[in-house]
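Fold and geometry: a report
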Amino acid sequence: AMKLDVDALRYLSKDDFRVLTAVEMGMRNHEIVPAELVDRIAGLKHGGTYKVLKNLLKHKLVHHDSSKYDGFRLTYLGYDFLAIKALVNRGVFAAVGRQIGVGKESDIFEVAAEDGTIMVMKLHRLGRVSFRAVKSKRDYLKHRSSYNWLYLSRLAALKEYAFMKALGEHGFPVPDAVDCNRHCVVMSLVQGYPLVQVKQLQNPDEVLETIVDLVVRLAEHGLIHCDFNEFNIMIDDNEQVTMIDFPQMVSVSHRNAKMYFDRDVECIFKFFSKRFNLSYQEAEDGYDETETDVEEIERPSFSSIAKTTGFLDKELSASGFTRKDQDDIEKFIEGGTEQKDTTSSDDDELEDQEQTHIEATDDSVAENIDFLDLEDQKLEDAAASCNVSIQNED
Ligand code: ADP
Ligand code: MG
């Protein structure tokens, strides 16, 4: 497994982080942030920014692009460092360990708290795979000059955190949601293995029933997992089930809800009949027990479930995940075809955002004013008024 090299974190100075944060802020309205703008946002004396940028480049925290003008953008690593530093500052964890998973669009690492507790850090990499899909949605966001993987990954992380927290509070077997910053979610470590790695179960029929019951209970709470399969279900030595991976969940009121629900159910039944059927046949001398078991468990039908929509809305927004975030992210994650016209709400949105910016008390105001179509001047003003929080962040 790979190790995220965070050694450099220790050697980066306050100014390094200041400039890195300035690049992050600049990316709100530039895919490539002009060096000169970075300098103005960072506000270091005597051309200090340029020296720092060189150092950040050396550590691969930023990427230099001079094809159109002299500019920089954050790399994944640079964004990782900003999130990790914020979480370390908050005392969430103190060390980053080995990588334990490479998802389609995430990297998963062990992290350790000061007291030695091991947790899991999931870094979302939305756009790593589906960047083309994202690009094809460009017209949806045509009024914004810069949407990008930073925004999408951050949204995916926030969604995952909010759902994990809300589901946990409703008694669903999910990891404990510990904290979230930028594209990074910290959660408890599940003792166990993804179902895909499990070759044998003592009670496959019971496990299947538990899992099917989960899909039904989710729907009763108004939700569909949408990626409910052997990769996202963890099983421990006592055959207890934990579900993970929530960025793609949708509401039962989604127009394709029934299809997603049926697909989740189908995935599970298919996997169980294939995997555990085969192993039984061998062990039981040809007697096909699992086949019968699988058939005994009733396939839930979407229409017969009493669903409570909006049940989790309050909990979700308590974590800062809004309806609008949900609408936004659905467009990218499931590649939906619905094209919504959002241009009309432009001005309201800007006002909302500025409000957020003033009220923000988090460790970086930058992360609360995402995706603004601000003039550079306004961006500078925003930067100026959050200098205090940038300075406080060490
Ligand atoms: P992706 O969205 O990229 O599929 P997942 O959340 O499914 O990411 O995680 C990928 C893999 O990492 C999982 O299949 C599992 O092996 C491991 N993993 C994720 N979260 C945890 C956790 N809380 N505890 C233990 N292992 C985990
Ligand atoms: Mg997964």
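Residues numbered from 1 in each chain as written. Chains lettered and ligands numbered in written order. Predicted model: local features only at pLDDT ≥ 70, side-chain atom pairs only at ≥ 80, totals over all residues.

The chain goes by Serine/threonine-protein kinase RIO2 in an unreviewed UniProt entry, where it is assigned to Musa balbisiana. Quoted straight from UniProt, the Cofactor (unreviewed entry) entry for the chain says "Mg(2+)". Of the chain, the UniProt comment under Sequence similarities (unreviewed entry) reads exactly: "Belongs to the protein kinase superfamily. RIO-type Ser/Thr kinase family." (UniProt positions renumbered as here; feature names shortened; annotations may be inferred.)

Let's shift gears to the overall build of the chain. Across its full length, the chain holds 15 helices and 13 strands. A burial count over the chain gives 37% of its 394 residues as buried. Long-range contacts, defined as pairs at least 24 residues apart, comprise 67% of the intrachain contacts of the chain with a sequence gap of at least 6. (Helix = DSSP H or I, 4+ residues; strand = E, 2+ residues; numbered from the N terminus. Buried ≥ 20, exposed ≤ 12 C-beta atoms within 10 Å, placed from the backbone. Contact = placed C-beta atoms within 7 Å.)

Quick look at the sheet that holds strand E2 (residues 62–65) now. The sheet built from three strands is open, its strands ordered E1-E3-E2 with antiparallel pairing. Each of the sheet's edge strands pairs with one partner strand only, and the pair in question is strand E1 (33–34) and E2. As paired elements, E1 and strand E3 (residues 71–74) share two bridges and run antiparallel to each other. Its bridge partner lying in E3, Pro34 is registered against Gly71. (Pairing = 2+ DSSP bridges.)

Here the focus is unusual backbone geometry. Not every positive phi belongs to a glycine, and His46 is a case in point at roughly 50 degrees. By the secondary structure assignment, His46 is in the loop between helix H3 (35–42) and helix H4 (48–58). For Glu239, which is not glycine, the phi torsion reads 60 degrees and is therefore positive.

A word on the site of ligand 1. Residues in close proximity to ligand 1 total 18 residues, the closest being Gly101, Gly103, Ser106, Val190 and Asp245. Elements with a minimum of two residues in the shell around ligand 1: strand E4 (95–103), strand E5 (106–112) and strand E6 (118–124). Looking at the shell around ligand 1 element by element, the count peaks at three residues for E4. Classifying every residue of the shell around ligand 1 gives ten nonpolar, four polar and four charged. (Near = placed C-beta within 6 Å. Nonpolar A, V, L, I, M, F, W, Y, C, P; charged D, E, K, R; others polar.)

The next subject is the pairing of E5. Pairing analysis gives six bridges linking E4 to E5, with the strands arranged antiparallel. Bridge pairing in E5 links Val96 to Val111. Between the end of E4 and the start of E5, which pair antiparallel, lie two residues. Across seven bridges, the pairing between E5 and E6 is antiparallel. By the bridge assignment, Glu110 is partnered in E6 with Val120. Connecting E5 to the next strand, E6, in antiparallel fashion are five residues, including Gly116 with a positive phi near 95 degrees.

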